[in-house]
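Examining the three-dimensional arrangement
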Amino acid sequence: MNAPREKRPVPAGPTARPCLAREVVHTLAQEPALEAVTIDRARKTISVATLGRANTEELTHRLASQLQAVHQADVRHACLLLEGSGDCRSCETPLLEADQKKITVRHEGPTTTIARVTCPTAPKFWRWRDLPLPRVVPRDVEYLEEAGHIEEHINEWKLQLAAAVLCGALGLAAYFSPAPLGIWLFAGAYLAGGFYPAQEVWERFQKRAIDVHFLMLAVAAGAASIGAWAEGATLLFLFSLSGALEHFALGRTQREIRSLFRDAPKTALALDEAGREREVPVAQIHPGMKLLIKPGALFPVDAEISKGATAADESNLTGEAVPVEKHVGDTALAGTLNLWGAVEAVVTRPAAESALQKIIELIRHAQQQKAPAQLFADKFSSIYTYAVIGLAFVMFFVWWLGFRLAPFEAAVESQSAFYRTMTLLVVASPCALVLSIPSAVLAAIAWGARHGILFRGGAAVEKLAETEVVALDKTGTLTTGELRVEKVESFPPGREEEIARLAFSLEKLSTHPLARAITRHGKQQQFDPVDFEHFESVTGLGLRARRNGSQIFLGKRDWVLNSRAAGRAAASASEPGTPPDWSAPMARTMDAGFSEIWLAQDDLVGRIILRDDVRPQARTVVEELRGEALKTVVLTGDRKTAAENLREQLHLDDVRAELKPEEKVAVIQEFSRQNRKVAMIGDGVNDAPSLAAAHVGVAMGARGADAALEQADVVLMHDRLENFLAAFRLSRRARRIIRWNLVISLGTVVVLVTLAMLAKIPLTLGVVGHEGSTVVVVMNSLRLLFGNVEALKR
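What comes next concerns the included structure. (Residues numbered from 1 in each chain as written. Predicted model: local features only at pLDDT ≥ 70, side-chain atom pairs only at ≥ 80, totals over all residues. Heavy atoms only, no water.)

1. Details of the side chain of D330
Applied cut-off: Counting from the N terminus, the helices are DSSP H or I runs at least four residues long and the strands are E runs at least two residues long. Only protein chains enter the area calculation, which uses a 1.4 Å probe; residues under 20% of their type maximum are buried, those over 50% are exposed, and those in between are partly exposed.
Topologically, D330 is positioned in the loop between β13 (324-326) and β14 (331-332). Residue D330 is classed as buried on the basis of its relative accessible area of 15%.

2. What to know about unusual backbone geometry
The linkage connecting F491 with the following residue, P492, adopts the cis geometry, with an omega of 10 degrees. Along the chain, the position of P492 falls in the loop between β19 (484-491) and α17 (496-507). Although it is not a glycine, N548 sits at a positive phi angle of roughly 55 degrees. The backbone of D602 sits at a positive phi, close to 55 degrees, despite the residue not being glycine. On the secondary structure map, D602 appears in the loop between β23 (594-601) and β24 (604-611). The class for D602 is partly exposed, based on a relative accessible area of 48%.

3. Side note on the environment of S306
As a reminder of what qualifies: We call two residues contacting when some pair of their heavy atoms lies within 4.5 Å.
Residue position: S306 is located in strand β11 (residues 303-307). The spatial distance from the C-alpha of S306 to the C-alpha of E344 is 5.6 Å, given a sequence separation of 38 residues. With sequence-adjacent residues up to four places away left out, S306 is seen in contact with K290, V328, E344, A345 and V346.

4. A look at the nonpolar core
Applicable threshold: Throughout, nonpolar core names a set of buried Ala, Val, Leu, Ile, Met, Phe, Trp, Tyr and Cys residues whose side chains join them through atoms within 4.5 Å.
The biggest cluster of nonpolar side chains holds 48 residues, and the ones touching the most others in it are F455, L464, L478, V714 and F724. It is helix α26 (residues 722-757) that provides the largest number of residues to this core, a total of 9 residues. With sequence-adjacent residues up to four places away left out, L464 is seen in contact with F455, A679, V696, V714, F724, A727, F728 and S731.

5. Details of the sheet that holds strand β26 (residues 654-656)
Counted only if it meets this: Paired strands are those between which DSSP finds at least two bridges. Between the N-to-C directions of two axes lies an angle of 0 to 180 degrees, each axis being a line fitted to C-alpha atoms and, for a helix, fitted only over the stretch in contact.
The strand order across the open sheet built from 7 strands is β17-β29-β28-β27-β18-β25-β26, with neighbouring strands paired in mixed fashion. What marks the edges here is a single partner per strand, and that holds for β17 (453-455) and β26. For this sheet the average axis-to-axis angle between neighbouring strands, irrespective of direction, equals 20 degrees. As judged from the 4 bridges shared by strand β18 (residues 469-472) and strand β25 (residues 631-635), these two strands associate in the parallel manner. Opposite L472, over in β25, you have V634 as the bridge partner. Where α26 meets the sheet, its contacts fall on β17, β18, β27 (678-682), β28 (696-700) and β29 (714-716), and the angle it forms with β17 comes to roughly 45 degrees.

6. Structural notes on the pattern of salt bridges
Going by this rule: What counts as a salt bridge is simple: a side-chain nitrogen of Lys or Arg found within 4 Å of a carboxyl oxygen of Asp or Glu.
This structure, assessed with the given rule, holds 19 salt bridges. With a closest N to O distance of 3.2 Å, E486 and R484 form a salt bridge. Residue E486 is classed as partly exposed on the basis of its relative accessible area, which comes to 41%. The salt bridge involving E498 is made with R495; its shortest N-O contact spans 3.1 Å. Note on R495: relative accessible area 32%, which makes it partly exposed. One network of salt bridges, in which partners are shared, links K487, E489, E596 and R607.

7. Section: the packing of aromatic side chains
For clarity, the threshold we go by: Stacked, edge-to-face and tilted are the three classes for Phe, Tyr and Trp ring pairs, Trp counted by its six-membered ring, which pair at centre distances within 6.5 Å; planes under 30 degrees apart are stacked, over 60 edge-to-face, the rest tilted. The criterion is that NZ of a Lys, or CZ of an Arg, lies within 6 Å of the ring centre and within 35 degrees of the ring normal, and then a charge sits over that ring.
For the structure shown, the criterion picks out 14 aromatic pairs. Centroid distance F396 to F418: 6.5 Å. Interplanar angle 85 degrees. Geometry classified as edge-to-face. Here the residue F396 occupies a position in helix α11 (residues 372-402), and F418 occupies one in helix α12 (residues 417-428), the gap between them amounting to 22 residues. For the pair F396 and F418, one class covers both residues: buried. Among the aromatic residues, those joined into a cluster by ring pairs are F393, F396, F397, W400, F408 and F418. Lying across the ring of W598, R557 places its NZ or CZ 5.5 Å from the centre.

Geometric values such as these leave the question of function open.
Here's what the structure looks like:
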């Protein structure tokens, strides 16, 4: 079903200009792989930067269409960035404050760069592409087709099975019927058994390609042409039956995935400023709206609890059946069930950008991305099919002219050259080979999705089994990531609330677990955020801001105190005096298991002490990883003392502490140069470059940062570290099953082709052996769908 693209509001007024920056913000939200856009008004070009996986053609088309839409039919008021007469600083319709927080806009002469707020290390990994500046054209209404139809062919196997049964019944009846009636019954059997394969052949003919469906129909037609109606009917019956079983297996896989998601609500209860309720369509919900979620209702979008308390059932997203308590400041995810409390929540993202929608897109893309082995098998099977046809053509003349067999019709006690050729075509067809890899990969993806593990395609399933080193982030991976503020200290004492308020105001834009804990604490204390004149992030160290002319530093202890000391030295030169000395109490060290964030402004210094517990299952997981012959190494920006304490507590193989994001990448690249494949597990924006650099990137939780989710090959939907073990073992089991499938399929072909070349096998037996191996391969792959996590250990 097509739906018109939603129009976004622009400022009112007869001269209101369309805003390219606002359009780019919208595009960045829709295209996670897009990182930045540069407009060069002198060269009349637009350059785009992407990170990780990106469909370049689709992104180019989509971005060009949206940028063209910036221009109104009345082009006298085009966006200043495109008409070349100015930039965002001189525009009378600037970006909304909410949009300004999502991007950075940098002007350099005739160029303007609009980029998403991200880790400062990420730009090193951007890939730039140039696009022509879109022409000014009148606005047209665009229509979007729904992407992906997961349920489209789930039940097709039932019709195919009915056709196969009808083919078998008619063929059996024809076998025991007199000649005139028997021929008509055989014709009916051919029609029933060949209907769906003929559709497949026609689709491939339109693409100028052939496959095993063509070979099977050709053999059946050839068998009928020499009077071997029974053999041809048997071939079509078994071929259509195996096709139905194949579609049943794929349908079962799709059904497992579909069962993860409840039907999303179409409407929601919105609250206006007076507290009045009104029902609005979910498509019209935008960030900042306040919603009322009643007990038993689904959260329609991602939202932050602003009033009340409840518990949410997140099992469809995370695979965790235990309800998750929700209090003020906590995030509720779209598609999860509100169990018992009526709560008010503020929308954080529209429905199209919710965690649920991202998961659905991850699964859709995963099913379309093939494993390297499957790509090789597909290429090999295409070449192999032509080779089989060529071999059969040559062998026909060898048997006819070399062995003096009758070309088409032969006596009862012998076989004609054409009959033997048909038998060779059947037994040499690569049906089982073609299915051996994708059937196992799709079953693995379905099992993982049902247990809270999302693979981004067959390549992820295959690569994870090759892992030799597991690199882990500390906060949110080996620890729970649910930090809580234990204590706020100020120097001088008595100004603790001021420290907490400033920290809350600075950290509210960050997604790091430390920042989330401070933000949650500030909301629970009902702090009002303060405004800053300047704000910037210092990679790997902290945040720096300016308020009322004074500098504010927030971050690691040494950096904050050194920055403060430099500022005091500069101030003392102009304002002599002896400020109070709090060096002694500030020198107190932190106990292991605690984290600290320091803040300094003028003569005010303070720290926020947070506690983050090690996951109860972390030590068991590390021991089991060692049992799987995997080396464990922790890459963290935390203090060396905390990292060493973690190493002793969990018996880790290696720990690297006080690392910046680029230094984490360097460690992973060091392992890669040693030909050791690394799986990196992380959850934050600062982990995104490491996930991209690793052989396999693994993101922790649906609540993880968007940048981490986009770079990950595997997503652990619930914050359960032990799910990585399940994913690793599932990957290895899938690899074993794929190898067995290849042995079965190739072994069957070798045996049957040898017998066919020696004229030791009739066509009927060849059909049974060929289709039997196909069924065995599909059923063997289906074993991945069943069983629990414990079964993967065997």
